[in-house]
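If you want the building blocks of each chain, they are given just below.
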Amino acid sequence: MEEMVNVYFYGKRYSVPADLTIIAAWEYAGYTLKRGVGCRHGFCGACATIYRIKGQNELKTCLACEKQVEDNMYVASIPFYPQDKRSYNLDELQVSDQIMMELYPEIYACIGCNACTKACPQELQVMQYIAYAQRGEIQKCAEASFNCVMCGCCSTRCPAGISHPYVGLLTRRLTGKYIAPKSQHLADRVEQVREGRFDEELKELMQMPAARIQELYNNREIEK
Amino acid sequence: MYTEEMLESIKKVEATRDERLHTEPRRLTAEEKDSLLRTWHPDYREDAFAEIKVGPNRGEKAPAQLTHLLHSNSRLYGLNLDLSRIDYDTDVLIIGGGGAGCSAAIEASNAGASVLVVTKLRLGDANTMMAEGGIQAADKPNDSPVQHYLDAYGGGHFAAKPELVRELVSKAPEAIQWLENLGVMFDKEADGTMVTTHGGGTSRKRMHAARDYSGAEIMRTLRDEVQNRRIPVLEFTSAVELIKDTRGQAAGAVLMNMETDDYLVCRAKTVILATGGCGRLHYQHFPTSNHYGATADGLILAYRAGAPLLYQDTIQYHPTGAAFPEQIQGALVTEKVRSLGAQLVNIDGEAYMHPLETRDVAAAGIIRECRGNKKGLTTPLGYAVWLDTPMIEEIHGEGTIEARIPAMLRLFYQYGIDMRKVPVPVYPTLHYQNGGVEIDEKCFSRTIGNLLCAGEVTGGVHGRNRLMGNSLLDVIVFGRDAGISAAHKAESVKLGSLTLNHVTEYAQALQSAGEHTNDVSPMLLPKYARHAREFEWRGFRYA
């Protein structure tokens with residue numbers, strides 16, 4: 001007999017095998033999921049979920065695709081959370097001390113409760129990356145928020161109404177476009193392709209008899 | 001977490017590690033690869049395929065589950081939907097909100113067209129989001145698009161369409177530049193040099209990455225850009241049928257609100273199919289690394305409207321899917337783990353094959369090692385081989401795994417397995433649809449006017465096997481191409497009146513061929529609810 005546990009989906013009890021993830025448990029219970037399910041491997045953030053173990057005070061958040069069920073777990077999916085993304089034209093932005101104040105001024109209302117960090121299923125230092133953003137340390141915020149899957153668990157717990165994932169995303173886009181060092185070899189190659197430097201050789205390959213291109217492929221030198 | 005048998009085997013893996021660190025397993029010859037594939041690759045299991053009885057590919061074979069869907073009727077058959085009541089009217093309709101769809105949306109809107117994106121889940125819910133290892137582009141001085149062409153064309157067994165491969169490799173550097181201009185953070189040295197590694201079958205180190213969140217970093221950036229531009233997006237809205245006009249061109253789609261089941265009519269001057277792959281059809285009962293929405297919908301839509309498929313019978317099984325524990329079975333363990341030096345090792349601690357053979361060869365090699373040579377290990381879920389991850393830190397130093405492949409570390413660590421210390425068990429997982437709707441180098445369907453396709457839904461770019469890092473590249477290059485082509489084409493399109501006659505004609509063809517499935521297609525969502533499961537409800541074990 002496999003071990004079963006009781007979970008409560010939106011307050012209704014289901015008995016499910018103990019080794020299931022919450023997503024698999026929903027399906028075991030008979031649900032066909034539309035919202036609150038995504039990549040199922042921890043990358044897309046679609047399955048933000050809030051739960052409480054009966055008798056414990058703490059409310060916890062997780063990704064349902066990763067979190068294993070526990071006995072007496074009260075579960076509610078967060079299929080959508082009204083985050084507040086600002087629209088901007090990245091080409092017109094400038095990296096400056098003011099940029100966060102202009103686009104996401106509410107980050108300065110952070111009261112330092114750290115509920116965001118506790119809520120993060122990726123175990124990011126969320127409050128810390130918001131602090132970087134407050135100080136205009138764009139690249140530090142970008143690095144610290146890099147593994148964010150934008151599930152929004154942090155925002156659901158924030159008394160200041162901050163949309164943390166979008167703050168991180170803005171700093172990453174600024175870093176990728178403006179702050180990261182430029183790749184000269186990339187710019188050179190794009191130019192060479194534009195000049196048509198490889199056109200003749202490519203054409204030759206495209207017209208090559210099968211036996212010859214197979215020989216070329218099978219004997220090509222492989223970089224160590 | 002590991003069983004006794006697994007722990008015993010790990011001792012053997014550790015015992016041979018020092019020696020293996022200094023030896024590179026030999027690469028297989030062309031003949032050896034050929035014979036390995038024929039004997040052990042799932043594409044060669046004839047009983048897993050079924051003949052297509054109607055439509056442009058009649059007489060050819062496809063995976064049995066796909067043939068079943070192709071032999072099913074439309075939801076709309078016999079419904080008499082009023083196509084004169086138009087809910088949406090647009091220049092460019094983009095079906096699918098992944099990497100290709102968003103790239104197309106940005107470029108089509110750039111070109112001045114009105115655009116509508118529809119996606120059956122959320123924008124960005126797609127296989128692109130889950131791509132880990134990286135994106136290829138020949139931008140280093142010792143490399144060139146010519147070399148990239150040779151790798152891609154050879155790795156695909158010389159079956160790809162040359163003009164598509166040329167497009168892919170020529171536009172790769174520009175694709176990287178475009179992404180960087182949108183703010184994608186690639187891994188770089190302090191002087192700006194891209195950090196690049198090998199993938200299976202590459203002859204130069206041209207894999208660009210963003211840690212092991214490469215696809216996620218690209219996808220969230222593209223999604224943000226679509227939102228910044230205020231391009232209209234309908235989420236939780238699927239396309240259930242293409243609409244044609246009286247001239248036989250594509251002219252829009254019937255949409256379905258996934259939450260209310262209401263049908264909506266969208267008229268469009270051009271239609272881009274960017275619906276992605278098929279992993280959730282679980283061919284041969286393999287587990288999958290794919291997104292929940294990967295149910296091959298675009299193939300069904302295009303085929304029913306009369307567009308031919310190419311290489312619909314070739315599927316990519318990623319060699320290294322997580323084989324254990326159950327909660328992550330089938331999850332992708334990125335090829336980058338092997339790019340960084342981890343070897344594939346059997347139960348006795350032997351590196352039985354070079355770790356960076358192409359994916360089809362590596363997958364067939366694992367299956368042979370387990371089923372033929374009986375040198376796999378047995379986990380509670382079935383066969384596996386080891387991916388010897390501790391080698392990575394021996395080669396590149398402590399901290400490399402956390403810095404370069406943090407998602408992989410996390411994937412296993414949450415179940416008590418520390419891949420810095422112990423190897424991880426892997427087995428092939430259903431990963432990619434090599435074939436799909438046949439297109440030309442500007443993404444137009446070969447037979448249906450004003451229909452374009454981009455990304456995994458297409459066939460011909462990768463031949464019969466795709467290299468790591470060429471799929472993220474594919475969605476960007478061809479997604480952009482499709483957006484530009486569709487916007488320009490829309491300027492001159494004159495539509496006739498709308499019709500769904502092809503649905504009736506297809507149903508009649510099925511009837512004449514004696515095919516009845518009692519199902520409707522496209523599938524839209526996998527049947528995972530316990531009462532709807534068609535095979536063992538949890539764990540998808542190799543048949």
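None of the values given here were measured: they were computed from a predicted structure.

Caption draft 1: Focus on the overall build of chain B. The helix and strand inventory of chain B stands at 17 helices and 23 strands. For 543 residues, the compact-globule formula gives about 24 Å, and the C-alpha radius of gyration of chain B, at 23 Å, lands near that figure. Here the C-alpha coordinates of chain B stretch approximately 70 × 55 × 40 Å along the principal axes. Expressed as a percentage of the 543 residues in chain B, the buried residues total 63%.

Caption draft 2: View of the overall build of chain A. For chain A, the helix and strand inventory stands at 10 helices and five strands. The 224 residues of chain A split such that 42% are buried. Counting contacts in chain A only where the partners sit at least 6 residues apart, residues at least 24 apart contribute 60% of the total.

Caption draft 3: Molecular detail of the packing of helix α4 (residues 99-110) of chain B against helix α9 (residues 214-228) of chain B. Residue and element names in this part refer to chain B. Following both chains from N to C, one finds α4 and α9 inclined at 35°, their axes separated by 9 Å at the closest point. Our pair here, α4 against α9, has a crossing hand that is left-handed. Two secondary-structure elements touch here, α4 through Gly99, Cys102, Ser103, Ala105 and Ile106 and α9 through Ile218, Met219, Leu222, Arg223, Glu225 and Val226. A class-by-class count of the residues in the contact of α4 with α9 yields seven nonpolar, two polar and two charged.

Caption draft 4: Here's a closer look at the nonpolar core. All names here are of chain B. If you look at the biggest cluster of nonpolar residues, it comprises 238 residues, and the most contacted ones within it are Val92, Ile94, Ile272 and Ala454. In terms of residue count, helix α16 (residues 470-490) provides more of this core than any other element does, 10 residues in total. Those residues in contact with Val92 that sit more than four places away from it in its chain are Ala108, Ala113, Val115, Ala268, Thr270, Ile272, Ala486, Ala487 and Ala490.

Caption draft 5: The domain arrangement of chain A, seen in detail. Residue and element names in this part refer to chain A. Entries for chain A in the domain assignment read domain 1 (4-77) and domain 2 (81-212). If you average the C-alpha positions of domain 1 and of domain 2, the two centres end up 30 Å apart. Taken residue by residue, the interface counts 10 residues in domain 1 and nine residues in domain 2. Residue assignment for the side of domain 1 that touches domain 2 shows that the elements contributing at least two residues are β3 (48-53) and β4 (60-63). At three residues, the largest contribution of residues to the side of domain 1 that touches domain 2 is made by β4. Grouping the amino acids of the side of domain 1 that touches domain 2 by side-chain chemistry returns six nonpolar, three polar and one charged.

Caption draft 6: Fine view of the sheet that holds strand β7 (residues 196-197) of chain B. All names here are of chain B. Judged by pairing direction, the sheet is antiparallel, and its three strands sit side by side in the order β6-β8-β7 without closing on themselves. Both edges of this open sheet fall to β6 (135-136) and β7, since each of them pairs with a single strand only. Two elements, β6 and strand β8 (residues 207-208), share two bridges in a ladder whose sense is antiparallel. Following the sheet pairing, Gln136 is matched in β8 by Met207.

Caption draft 7: Fine view of the domain arrangement of chain B. All names here are of chain B. Taken domain by domain, chain B holds domain 1 (4-40 + 319-430) and domain 2 (88-314 + 434-501). When contributions to the side of domain 1 that touches domain 2 are tallied by element, the ones reaching two or more residues are α11 (336-339), α12 (359-372), α15 (406-413) and β18 (424-433). Residue composition of the side of domain 1 that touches domain 2, by class: 11 nonpolar, seven polar and six charged.

Caption draft 8: A look at the packing of α4 of chain B against α16 of chain B. Residue and element names in this part refer to chain B. Here α4 crosses α16 at 35°, and the two axes come no closer than 7 Å. The chirality of how α4 crosses α16 is right-handed. In this structure, α4 contributes Gly99, Ala100, Gly101, Ser103, Ala104, Ala105, Ile106, Glu107 and Ala108 to the contact, and α16 contributes Leu472, Val475, Ile476, Phe478, Gly479, Arg480, Ala482, Gly483, Ile484, Ala486 and Ala487. Class assignment for the residues of the contact of α4 with α16 results in 13 nonpolar, five polar and two charged.

Caption draft 9: Representation of α9 of chain B within the structure. All names here are of chain B. Between its terminal C-alpha atoms α9 stretches 21 Å, which fits the 21 Å expected from 15 residues at 1.5 Å a residue. Counting buried residues in α9 gives 13 out of 15 residues, a clear majority hidden from the surface. Positive backbone phi, approximately 55°, marks Arg230, located one or two places after α9.

Caption draft 10: The environment of Leu498 of chain B, seen in detail. Topologically, Leu498 of chain B is positioned in strand β22 (residues 498-499). Along the sequence, Leu498 of chain B and Arg247 of chain B sit 251 residues apart, while their C-alpha atoms lie 9.3 Å from each other.

Caption draft 11: How the structure looks around unusual backbone geometry. Each neighbour pair has its own omega, and for Phe324 of chain B with Pro325 of chain B the value is 0°, a cis peptide bond. One can find Pro325 of chain B in the loop between β14 (315-322) and α11. Of note, Glu123 of chain A is a non-glycine position whose phi angle comes to about 60°, a positive value. Its place among the elements puts Glu123 of chain A in the loop between α3 (115-119) and α4 (126-134).

Caption draft 12: Representation of the interface of chain B and chain A within the structure. Each partner contributes to the interface: chain B provides 68 residues, whereas chain A provides 63 residues. Residue assignment for the side of chain B that touches chain A shows that the elements contributing at least two residues are α5 (127-130), α6 (145-155), α7 (162-170), α8 (172-181), α9 and α15 of chain B. Of the residues assigned to the side of chain B that touches chain A, the class counts are 32 nonpolar, 17 polar and 19 charged.

Caption draft 13: Representation of the sheet that holds strand β2 (residues 12-17) of chain A. Residue and element names in this part refer to chain A. Ordered by their spatial adjacency, five strands build an open sheet running β2-β1-β5-β3-β4, and the pairing between neighbours is mixed. At either margin of the open sheet sits one strand with a lone partner, and together these are β2 and β4. The average angle at which neighbouring strand axes cross in this sheet is 35°, direction not considered. Here six bridges tie strand β1 (residues 4-9) to β2, and the two strands are oriented antiparallel to one another. Its bridge partner being in β2, Asn6 is matched across the sheet by Ser15.

Conventions used here
Residues numbered from 1 in each chain as written. Chains lettered and ligands numbered in written order. Predicted model: local features only at pLDDT ≥ 70, side-chain atom pairs only at ≥ 80, totals over all residues. Helix = DSSP H or I, 4+ residues; strand = E, 2+ residues; numbered from the N terminus. Rg over C-alpha atoms; globule rule 2.2 N^0.38 Å. Buried ≥ 20, exposed ≤ 12 C-beta atoms within 10 Å, placed from the backbone. Contact = placed C-beta atoms within 7 Å. Axes fitted to C-alpha atoms, helices over the stretch in contact; angles between N-to-C directions. Left-handed = near helix turned anticlockwise from the far one by under 90°. Nonpolar A, V, L, I, M, F, W, Y, C, P; charged D, E, K, R; others polar. Core = buried A, V, L, I, M, F, W, Y, C linked by C-beta atoms within 7 Å. Domains from an automatic or database assignment. Pairing = 2+ DSSP bridges. Expected span 1.5 Å × (residues − 1).

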